Amino acid sequence: MKLSDVEFRAMNTWWRRWGQKNFELPLFQRIGMDIKGKDVLEIGCGSGFGGFLLNQLQPRSYVGLDAMEEQIEIAHRTYPQFQFMVQDATDLSQFPAASKDVIVIFGVLHHIPEWRKVIDEIARVLKPNGSLFLEEPRGVDIRLFDFFFRWGHPDSDFGLKRMETHLKSRGFQFDKRWTPLLTMYHIKGAF
Ligand SMILES: C[S@@+](CC[C@H](N)C(=O)[O-])C[C@H]1O[C@@H](n2cnc3c(N)ncnc32)[C@H](O)[C@@H]1O
């Protein structure tokens, strides 16, 4: 789903990029992110800054996708050297089964009412020994942001506990780190 104007502006600020570079990516690395020589897919890549950071870690290939044309337009303009595409994450049919070593999500599932479909697609596209690195806020924090800052998240039953239950039902196991704003997961297939 498209971001509200206020969240779109917030996602394209220096402080968003600062947090992703100095806080979120290092936390992913602390829980096992190592993408050197790997085939990487980023879901909900937004302005492409996550793709810029991930490409510095020397993956074999990188594709970033996002449902919002405006975000992909910024990503293409800012980082023409990397591959970005407009694509809804509930349909990853253009990626063959077991084709990606690593899938990365910086705070996206809580924007997708059909977030379970995205997890199901990830279970198909990830290689058997692959890793999903995912960060999401708690449901209560999403509601607080909407109350105080009018970010206008979509109506959804998304929540970390429900997400964990769905991940387990698809054969995933995970390690997680709680932080005040986001919970960081390293998720691996057990299939
Ligand atoms: C909170 S923003 C995060 C953007 C970026 N990952 C970041 O950390 O700055 C959520 C992103 O998910 C994208 N998005 C929302 N629904 C989507 C969907 N169904 N498929 C793919 N991307 C989607 C939005 O366009 C937006 O760029």
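Per chain, residues are indexed from 1 in the order of the written sequence. Side-chain atom pairs in this predicted model are given and counted only at pLDDT of 80 or more, local residue features only at pLDDT of at least 70, and totals for whole chains, interfaces and linings cover all residues. The basis for every side-chain value is the complete set of non-hydrogen atoms in the structure, without hydrogens or water.

**Things to note about the layout of surface pockets**
Item 1. Here a cavity denotes a set of grid points, spaced 1 Å apart and computed over the protein atoms alone, in which a 1.4 Å probe fits but from which it cannot get out, and a pocket denotes an open set meeting protein on both sides within 12 Å along at least five of seven lines; residues with an atom within 4 Å of a point are reported as lining. Grid points are joined across faces, edges and corners, and a volume is the space filled by probe spheres set on the points. In this model, the largest pocket occupies a volume close to 1,000 Å³.
Item 2. Glu 7, Met 11, Phe 106, Gly 107 and His 110 are, among the 50 residues lining the largest pocket, the residues nearest its centre.
Item 3. Considering each element in turn, the lining of the largest pocket owes the most residues, seven residues, to helix H2 (residues 14–30).
Item 4. Each residue receives one of three labels: charged for Asp, Glu, Lys and Arg, nonpolar for Ala, Val, Leu, Ile, Met, Phe, Trp, Tyr, Cys and Pro, and polar for the others, Gly being one of them. Split by residue class, the lining of the largest pocket holds 26 nonpolar, 15 polar and nine charged.
Item 5. As a volume, the second largest pocket reaches approximately 170 Å³.
Item 6. Residues that form the lining of the second largest pocket fall into these classes: three nonpolar, four polar and five charged. In DSSP terms, a helix is any run of H or I states spanning at least four residues, a strand is any run of E spanning at least two, and both are numbered starting from the N terminus.

**Some details on unusual backbone geometry**
Item 1. Here the phi dihedral of Gln 58 falls at roughly 60°; this positive angle occurs in a residue that is not glycine.
Item 2. At Ala 98, a position not held by glycine, the phi torsion is positive, near 50°.
Item 3. The residue Ala 98 is located in the loop between strand S3 (83–86) and strand S4 (100–106) in this model.

**A short note on the packing of helix H5 (residues 115–125) against helix H7 (residues 160–169)**
Item 1. Orientation is described by axes fitted as lines to C-alpha atoms, over the contacting stretch for helices, and by angles from 0 to 180 degrees between their N-to-C directions. Relative orientation of the contacting elements H5 and H7 amounts to 35°, with a least axis distance of 10 Å. You can see that H5 and H7 cross each other, and the crossing is right-handed. Contacts from Trp 115, Arg 116, Ile 119 and Asp 120 of H5 reach H7 at Arg 162, Met 163, His 166 and Leu 167.
Item 2. The residue makeup of the contact of H5 with H7, split by class, is four nonpolar, one polar and three charged. Handedness of a crossing is defined here by the sense of rotation of the near helix relative to the far one, left-handed for an anticlockwise turn of less than a right angle and right-handed for a clockwise turn. The criterion used for residue contact is that any of the two residues' heavy atoms lie within 4.5 Å.

**Some remarks on the site of the ligand**
Item 1. One heavy atom within 4 Å of a molecule or strand makes the whole residue count as near it. As a matter of local geometry, the ligand sits amid 20 residues, with Met 1, Arg 16, Gly 44, Asp 66 and Ala 89 nearest to it.
Item 2. Nitrogen and oxygen atoms within 3.5 Å of one another constitute a polar contact, given that in protein one can donate a hydrogen and the other can accept it, and given that sequence-neighbouring residues count only through two side-chain atoms. A distance of 2.7 Å separates a nitrogen atom of the ligand from a polar backbone atom of Gly 44.
Item 3. Here Asp 88 contributes a side-chain N or O atom positioned 3.1 Å from a nitrogen atom of the ligand.
Item 4. Each accessible area value is a Shrake-Rupley result obtained with a 1.4 Å probe; residue values ignore everything except the protein chains displayed when judging cover. Protein contact buries 98% of the 590 Å² of open area that the ligand shows by itself.
Item 5. Of the pockets mapped on this structure, the ligand occupies the largest pocket.
Item 6. Among the secondary structure elements, those contributing two or more residues to the shell around the ligand are helix H1 (5–11) and H2.
Item 7. Among the residues forming the shell around the ligand, the class breakdown is nine nonpolar, seven polar and four charged. Cavity and pocket membership follows a simple rule, namely that a molecule belongs there if more than half of its atoms are within 2 Å of the grid points.

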